[in-house]
Amino acid sequence: NSPQLSISGSYVKVNIDDDNGSGKYSGGGVIYSSQNENAGVDSIVPAFHFAAPINKELTTGISITAPFALQTEYNPNWVGRYQAVDSKITTTNINPMLSYKLTDQLSIAGGLEAQYAQARLTNMVDIGALLFSSPGAADRLGKAKGDDWGYGFNLGVKYKFNNQLEAGIGYRSKIKHKITGEVEVNGAVAASKFKTPFVTPEIATFGLAYKLTPKVDLLYDLAWTRWSRINTIDIIAQNSNLSTSTKFGWRDSFRNSFGFNYQTTKELQIRTGIAFEKGASGQYRNPRIPEANKTLVSAGVGYKFNQNLSGDLTYMHQFYEKTKNNLAGSDSAAPSVASLQTDYKVRVDVLAIGLVYSF
């Protein structure tokens, strides 16, 4: 074995169409709005991995990844503007690891995680309703922006039954954050420091790899994510008038993945796969993250240029189930709004490229 360096980047194209949107103020008046075209925000997600053997049994490494990157952006005059305009929650993980080969069949691994989280949440605040009893007469943009470091760990075990069958299990711990920053309402001369407790969920995985023939591999992966960690997002401000609580009520979910690898030549491998993931959203589906059941289909190639350098190219499309949200004012950070009903159509395309260099 020799040290390996892996660098990759994924271009994520997101399209979120919200149709048939309607809402009413708490007094019963209709919320008039402009059309919103696409609330999705495209992004580039990088990843870095390095591993080096210390001896025949022990290997050390480090990974830098962005496991959670959630972002939407609506027209500031859309019908759900009191629930959400811009939303951005991102995390960056620094993960040093060690793996140890106990026997020819059994290996274990573990690592620590240092996670940097950033959040930016905006929505319109109905100053007219709050101060003048005239809903919609004086909307102002409310903005909360903050960040925090949190810490956790991950563990893994891999067992090789024979030359054909391998299995592995993995666990990534929850990471607690207390995001701190400033919340303000533009044009209303109101600002305050705030804190937001936020927990990224535990993830447990189980995987199987079966070599059907010398050229064909069959793969299966089961992942459980404890999305129920995300129940509400509470902005707790020193000025209590700027405090808000948004209900998410997410549920734990499973993802089942099936893969197929075909080694066409010594240099070229073709890959394809399909996955089914249960949506975490329940009755409180929120426009900040209009999440739903989805099917993921992917295809890609791997090519070995020489003894040291190989590359991968993968395309994935995510098919989302059409969904609706139906929020009452008490479900969101917009108590002046009696309701918000919207139909959602979501499409996501991912193009990823990676290079691996062995020293």
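Note that the coordinates shown come from a computational prediction; the quantities given were computed from them, not determined experimentally. (Residues numbered from 1 in each chain as written. Predicted model: local features only at pLDDT ≥ 70, side-chain atom pairs only at ≥ 80, totals over all residues. Heavy atoms only, no water.)

**Describing the overall build of the protein**
When helices and strands are counted, the protein shows one helix and 20 strands. Seen along its three principal axes, the alpha-carbon backbone of the protein occupies a region of about 75 × 40 × 30 Å. When burial is assessed residue by residue, the protein has 40% of its 359 residues classed as buried. Sequence-distant contacts, at least 24 apart, represent 65% of the contacts inside the protein between residues at least 6 apart. Surface accessibility of the protein: about 18700 Å² in total, with carbon and sulfur atoms responsible for 58%. (Helix = DSSP H or I, 4+ residues; strand = E, 2+ residues; numbered from the N terminus. Buried < 20%, exposed > 50% of the residue type's maximum accessible area, 1.4 Å probe, protein only. Contact = heavy atoms within 4.5 Å. Areas by Shrake-Rupley, 256 points an atom, 1.4 Å probe, with all protein chains shown as cover.)

**A short note on empty space enclosed by the protein**
Think of a ball as big as a water molecule: rolled over the atoms, this probe shows where empty space is left. Inspection of every chain in the model, using the stated rule, returns four cavities of 30 Å³ or more. As a volume, the largest cavity reaches approximately 100 Å³. Lining the largest cavity are 13 residues, with Ala119, Leu121, Ile179, Thr196 and Ile233 sitting closest to its centre. Only strand 6 (106–126), strand 7 (139–160), strand 10 (190–200) and strand 13 (232–237) provide two or more residues apiece to the lining of the largest cavity. Looking at the lining of the largest cavity residue by residue, the classes come out as nine nonpolar, two polar and two charged. (1 Å grid on protein atoms, 1.4 Å probe; cavity = no way out; pocket = protein on both sides within 12 Å on 5 of 7 lines; lining within 4 Å. Points joined across faces, edges and corners; volume = space filled by probe spheres on them. Nonpolar A, V, L, I, M, F, W, Y, C, P; charged D, E, K, R; others polar.)

**What to know about the pattern of salt bridges**
A complete count under the given rule lists 15 salt bridges for this structure. Residues Lys294 and Glu277 are paired through a salt bridge, measuring 3.5 Å at the closest nitrogen-oxygen approach. Note that Lys294 is positioned in strand 17 (residues 294–304) and Glu277 in strand 16 (residues 268–277), a separation of 17 residues in sequence. Of the two residues examined, Lys294 and Glu277, each falls in the buried class. (Salt bridge = Lys/Arg side-chain N within 4 Å of Asp/Glu carboxyl O.)

**Topic: the side chain of Asp139**
With respect to the helices, strands and loops of the structure, Asp139 is situated in strand 7. Looking at Asp139, the relative accessible area reads 18%, which means it is buried. One polar contact links Asp139 to Arg81, side chain to side chain, over a distance of 3.2 Å. Side chain to side chain, Asp139 and Tyr82 meet in a polar contact 2.9 Å long. Residues contacting Asp139, with those up to four places away along its chain left out, are Arg81, Tyr82, Met124, Val125 and Asp126. (Polar contact = N/O pair within 3.5 Å; in protein donor to acceptor, adjacent residues only side chain to side chain.)

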